[in-house]
Amino acid sequence: MSKRMGLTLAIVLGAALCGTAFAQQNIAIATGGTGGVYYPMGGGMANVLSKHLPGIQATARVTGGSVDNLKLVGSGQSEVAFTMVDAARDALQGVDKFKGNKVDVRTLMVLYPNRMHVVTVEGKGIEKLSDLKGKRVSTGSPGGATEVMAFRVIEAAGLDRDKDMKRERLGVAESTNALKDGKIDAYFWVGGLPTAAVTDLGATPGVKLKLVDHADVVEKMNAKYGGIYSDGVIPAKTYPGQDKDNKIAVVQNILVTDAKMPEKQAYDIVKTLFEKRDEVALAHGEAKAIALDTQNNKNTTIPWHPGAEKYFKEVGAKM
């Protein structure tokens, strides 16, 4: 081989290698705090996408939760995000925490039902929501949707979130530690089952976990916020020391993106995650709840991304 041919071949190979490198795209998945469900499940999704979708390198991002995630999608800092439907609807409409800052968000996939936990321990004198009056209560981190839903539960219970309690704004892991240390009396948390931080609280020696029933406020919440909530149950024994079913409010979790994501990319992401959801479930069992019959407009009031809609119609979802 002549020197000239060798040089030409090296240039061609170099260009091909550079082309391969440049073809790889990084996908950031906005999740939540390390004590919840979004982060481990998001890690499982990132692994699945990186492993099975050519040209994609995905990573899970620790965040404050749904509100932060939607803002990250809106600013282009994350391509995919976990969120609760209520927070996503606020973002789409540009209200509440998104006033003047609409996010053109689209549904990729309905994930699993998010359960509101109202958590306390024995000895705090809290048996029902009205007993939160005069107590020190964490309503969730400022960037999460726990705070959004907690405020609505408190309002529907006839309490004033500012006047009737001393309010802290802590994530679930921080709330658990504060409750253990006697710095708060109760906390709100919206998450899947089981949530690691709540399990940790229940397993703490000398502590008796209590979960406060509140399903009776769902009707009032829906009257004001558009029918996106339902009543549900955290079954007895879900957490250490939980002796009975806990009657609660429920909202769906969805995976979202910006409307600008190309249709093929959205299609490929949804197809890969849905078909490999058993692998995602190895990271957190709530991924087992991702099912064909939940991919419909009843479970998300956020418009579907055309790529996601195309895939789910192909596989027979009744949307």
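What you are looking at is a predicted structure, and each value in this text was computed from that prediction instead of being measured.

Criteria and cut-off values
Residues numbered from 1 in each chain as written. Predicted model: local features only at pLDDT ≥ 70, side-chain atom pairs only at ≥ 80, totals over all residues. Heavy atoms only, no water. Pairing = 2+ DSSP bridges. Helix = DSSP H or I, 4+ residues; strand = E, 2+ residues; numbered from the N terminus. Right-handed = clockwise from strand over helix to strand, strands pointing away. Salt bridge = Lys/Arg side-chain N within 4 Å of Asp/Glu carboxyl O. Buried < 20%, exposed > 50% of the residue type's maximum accessible area, 1.4 Å probe, protein only. Phe/Tyr/Trp six-rings, centres within 6.5 Å; stacked < 30°, edge-to-face > 60°.

Caption draft 1: The arrangement of the pairing of strand E1 (residues 25–30) in detail. Bridging between E1 and strand E2 (residues 56–61) involves six bridges; their strand directions are parallel. For Ala30, the partnering residue across the bridge sits in E2 and is Arg61. Taken together, E1, helix H2 (residues 38–52) and E2 form a β-α-β motif whose crossover is right-handed. Where E1 and strand E3 (residues 80–84) come together, two bridges link them in parallel fashion. Bridge pairing in E3 links Ala30 to Ala81.

Caption draft 2: Just the environment of Gly35, in detail. Counting through the fold element by element, Gly35 comes out in the loop between E1 and H2. Considered as a pair, Gly35 and Val172 are 137 residues apart in the sequence and their alpha carbons are 6.2 Å apart.

Caption draft 3: Expanded view of the pattern of salt bridges. Using the criterion set out here, one finds 20 salt bridges in the structure. One salt bridge in this structure joins Lys224 and Glu155, with 2.7 Å as the shortest N-O distance. Linking Lys224 in helix H8 (residues 218–225) with Glu155 in helix H5 (residues 145–156), this pair joins segments that are 69 residues apart in sequence. In this structure, Asp243 and Lys237 form a salt bridge, with 3.9 Å as the shortest nitrogen-oxygen distance. Taking the relative accessible area as the measure of exposure, Asp243 reaches 51% and is therefore exposed. Lys237 gets classed as exposed once you look at its relative accessible area, which sits at 62%. One salt-bridge network, held together by shared partners, links Lys97, Glu147, Asp162, Arg167 and Arg169.

Caption draft 4: Here's a closer look at the packing of aromatic side chains. In the structure shown here, the tally under the stated rule is six aromatic pairs. Residues Tyr38 and Phe82 carry aromatic rings whose centres are separated by 5.0 Å and whose planes lie at 35° to one another, so their mutual orientation is tilted. Here Tyr38, found in helix H2, pairs with Phe82, found in strand E3; they are 44 residues apart in sequence, far enough to count as distant. Under the relative-accessibility criterion, Phe82 is labelled buried at 0%. Arranged with centres 5.8 Å apart and planes meeting at 80°, the rings of Tyr267 and Tyr311 form a pair that is edge-to-face. Residue Tyr267 is found in helix H9 (residues 263–275), and its partner Tyr311 is found in helix H11 (residues 306–314); the two are separated by 44 residues along the sequence. Take Tyr267 and Tyr311: they sit in the same class, and that class is buried. Pairwise contacts between aromatic rings join Tyr267, Phe274, Trp304, Tyr311 and Phe312 into one cluster.

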